[in-house]
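Fold and contact review
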Amino acid sequence: QVQLVESGGGLVQAGGSLRLSCAASGRFFSINDMAWYRQAPGKERELAASITRGGSTNYADSVKGRFTISRDNAKNMVYLQMNSLKPEDTAVYYCNANIFRIGFRNMDYWGKGTLVTVSS
C-alpha cells in the first residue's frame, strides 16, 4: 500500500504565504514525478506545479513566480511554497506521485487533499 498525506493548508490573507508538505509512505521502490494539483469550488482539478525526480520543474502560468515546488528524495516528500497568495488560489490542493513498485506498472497515487483559503 502507498499513502500520500498532505499538510500545511489553512486560512491566510491575500498577499500571505503558506507551505504545503506531502509525505509518501508504504511499500514502493522509487518515486518518479511528483506534483501538486488544485481544485477550486465548481472547477475541474488542475495542475499547479510538478517536479521530476531529478528536480526539473513545471508550473501553471497562474502560479509562476509565486509558487515554488521542491522535493526531498531521501525523505519521500514534496513541498509547495506559496507566496503572494491571491483569493483565486483558494482550492483544495492535492499531492500526486507517480510511483514504481517492483512487479507492478508505474501508478499515480493521490493524497486526500488539504484546503487552502485565501481571504481578500
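The shown structure was predicted, so the numbers you read here are calculated from the model rather than taken from an experiment.

As a further point, take the packing of aromatic side chains. Considering all chains together, one arrives at two aromatic pairs under this definition. Relative to Phe 100, the ring of Phe 29 lies with its centre 5.6 Å away and its plane at 80°, an arrangement referred to as edge-to-face. Taken as a pair, Phe 29 in the loop between strand E3 (18-26) and strand E4 (30-39) and Phe 100 in strand E9 (residues 91-100) lie far apart in primary sequence, 71 residues in all. Phe 100 gets classed as partly exposed once you look at its relative accessible area, which sits at 28%. One Lys or Arg, Arg 45, reaches over the ring of Trp 110 and ends 4.7 Å from the middle of that ring. The residue whose ring lies beneath Arg 101 is Phe 104, and the NZ or CZ to ring-centre distance is 4.3 Å.

On to the state of the cysteines. In total, this model carries one disulfide according to the counting rule given. A disulfide bridge connects Cys 22 with Cys 95, and the sulfur atoms are separated by 2.1 Å. Note on the Cys 22 and Cys 95 pair: the S-S dihedral is about -80°, so by sign convention the disulfide is left-handed. Of this pair, Cys 22 sits in strand E3 while Cys 95 sits in strand E9, and the two are 73 residues apart along the sequence. Comparing Cys 22 with Cys 95, the two get one shared label, buried.

A general tendency of soluble globular proteins is for nonpolar side chains to be buried together. Within the largest apolar cluster, 30 residues are counted, with the highest numbers of intra-cluster contacts made by Trp 36, Ile 69, Val 78, Leu 80, Met 82 and Tyr 93. Counting residues per element, the ones that place at least two in this core are strand E1 (2-7), E3, E4, strand E5 (46-51), strand E7 (67-72), strand E8 (77-82), E9 and strand E11 (114-119). Considering each element in turn, this core owes the most residues, five residues, to E9.

For the rest of this paragraph, the subject is the pattern of salt bridges. In the structure shown here, the tally under the stated rule is four salt bridges. Between Asp 61 and Lys 64 there is a salt bridge, and its shortest N-O distance comes to 3.2 Å. Of the residues examined, Asp 61 reaches a relative accessible area of 65% and is grouped as exposed. One salt-bridge network, held together by shared partners, links Arg 38, Glu 46, Arg 66 and Asp 89.

Looking now at the sheet that holds E3. Taking strand neighbours across the sheet as the criterion, the four strands line up as E1-E3-E8-E7 in an open arrangement whose pairing is antiparallel. The open sheet has two edge strands with one neighbour each: E1 and E7. This sheet shows a mean twist of 15° between the axes of neighbouring strands, independent of strand direction. Where E1 and E3 come together, six bridges link them in antiparallel fashion. The residue bridging Glu 6 from the neighbouring strand is Cys 22, located in E3.

Basis of the calculations
Residues numbered from 1 in each chain as written. Predicted model: local features only at pLDDT ≥ 70, side-chain atom pairs only at ≥ 80, totals over all residues. Heavy atoms only, no water. Phe/Tyr/Trp six-rings, centres within 6.5 Å; stacked < 30°, edge-to-face > 60°. Helix = DSSP H or I, 4+ residues; strand = E, 2+ residues; numbered from the N terminus. Buried < 20%, exposed > 50% of the residue type's maximum accessible area, 1.4 Å probe, protein only. Lys NZ or Arg CZ within 6 Å of the ring centre and 35° of its normal. Disulfide = S-S within 2.5 Å. Core = buried A, V, L, I, M, F, W, Y, C linked by side-chain atoms within 4.5 Å. Salt bridge = Lys/Arg side-chain N within 4 Å of Asp/Glu carboxyl O. Pairing = 2+ DSSP bridges. Axes fitted to C-alpha atoms, helices over the stretch in contact; angles between N-to-C directions.

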